[in-house]
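Chains, contacts and geometry: an overview
So the chains spell out like this:
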Amino acid sequence: MAKHRKVNPLMSTAFVIWLTHLGYKGVLKNGVVCFYHTVTSKNFPRDVMIMEKGRLNKPATQLFEEFKKYNPFGEVA
């Protein structure tokens, strides 16, 4: 079982803002936030989900790793 890591709340909020800036639309369904992109492309993963406990599915984890490469807060996060 993988060890859970805690993420700074500002980092998670910035991640959601970054997703919407990329063109994803968020929909809340039964405690799960699903993000859908308006354009179908292999560069934009489909079915990006943030579960109710803050867990990310595989496409969301891939996007979060790409988001962290941008170093949004510098040394703060």
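Sequence order sets the numbering: in each chain, residues are counted from 1 along the sequence as written. Where totals are concerned, whole chains, interfaces and linings use all residues; where local detail is concerned, this predicted model gives features only for residues with pLDDT of at least 70, and gives and counts side-chain atom pairs only at 80 or more. Side-chain figures throughout are based on the complete set of non-hydrogen atoms in the structure, without hydrogens or water.

1. Here we look at the overall build of the chain
Only DSSP runs of H or I covering at least 4 residues are called helices, and only runs of E covering at least 2 are called strands; the numbering of each starts at the N terminus. When you go through the chain residue by residue, the secondary structure sums to two helices and three strands. Listing each helix as α and each strand as β along the chain from the N terminus yields α-β-β-β-α. Among the 77 residues that make up the chain, the fraction classed as buried is 26%. Contacts are assigned to residue pairs that have any heavy atoms within 4.5 Å of one another. In the chain, of all internal contacts separated by at least 6 residues, the share reaching a separation of at least 24 is 33%. To measure how exposed things are, a 1.4 Å probe is used in the Shrake-Rupley method; for residues, cover is taken only from the protein chains shown. For the chain, the accessible surface area stands at approximately 6100 Å², while carbon and sulfur atoms represent 56% of it. Remark: exposure states derive from per-residue accessible area (1.4 Å probe, protein chains only) relative to the maximum for the residue type, with buried under 20%, exposed over 50%, and partly exposed in between.

2. Remarks on the sheet that holds strand β2 (residues 32-37)
DSSP bridges decide pairing: two strands pair if at least two such bridges lie between them. Read across the sheet, three strands follow the order β1-β2-β3 without closing on themselves; strand pairing throughout is antiparallel. Both outer strands of the open sheet, β1 (24-29) and β3 (48-50), are each paired with one neighbouring strand and no more. Averaged over neighbouring strand pairs, the angle between their axes works out to 25° when direction is ignored. Here β2 runs beside β3; their pairing, made up of three bridges, is antiparallel. Axis definition: a line fitted to C-alpha atoms, over the contacting stretch in the case of helices. Angles run 0 to 180 degrees between N-to-C directions.

3. Overview of the nonpolar core
With 13 residues, the main nonpolar core has F15, L19, V48, L63 and F67 as its most contacted residues. Sorting the residues of this core by element identifies α1 (9-22), β3 and α2 (58-69) as the ones contributing at least two each. Counting residues per element, this core draws most heavily on α1, which supplies five residues. Joining through side-chain atoms within 4.5 Å is the link that ties buried Ala, Val, Leu, Ile, Met, Phe, Trp, Tyr and Cys residues into a set, and such a set is a nonpolar core.

4. Concerning the packing of aromatic side chains
Aromatic pairing here means that ring centres of Phe, Tyr or Trp (its six-membered ring) are within 6.5 Å. Orientation follows from the plane angle: under 30 degrees is stacked, over 60 is edge-to-face, and everything else is tilted. Applying the stated criterion across every chain, the model contains seven aromatic pairs. With centroids separated by 6.4 Å and ring planes inclined at 80°, the aromatic side chains of Y24 and F44 adopt a geometry described as edge-to-face. Of this pair, Y24 sits in strand β1 while F44 sits in the loop between β2 and β3, and the two are 20 residues apart along the sequence. Overall, Y24 belongs to the buried group, its relative accessible area being 2%. Owing to a relative accessible area of 26%, F44 belongs among the partly exposed residues under this scheme.

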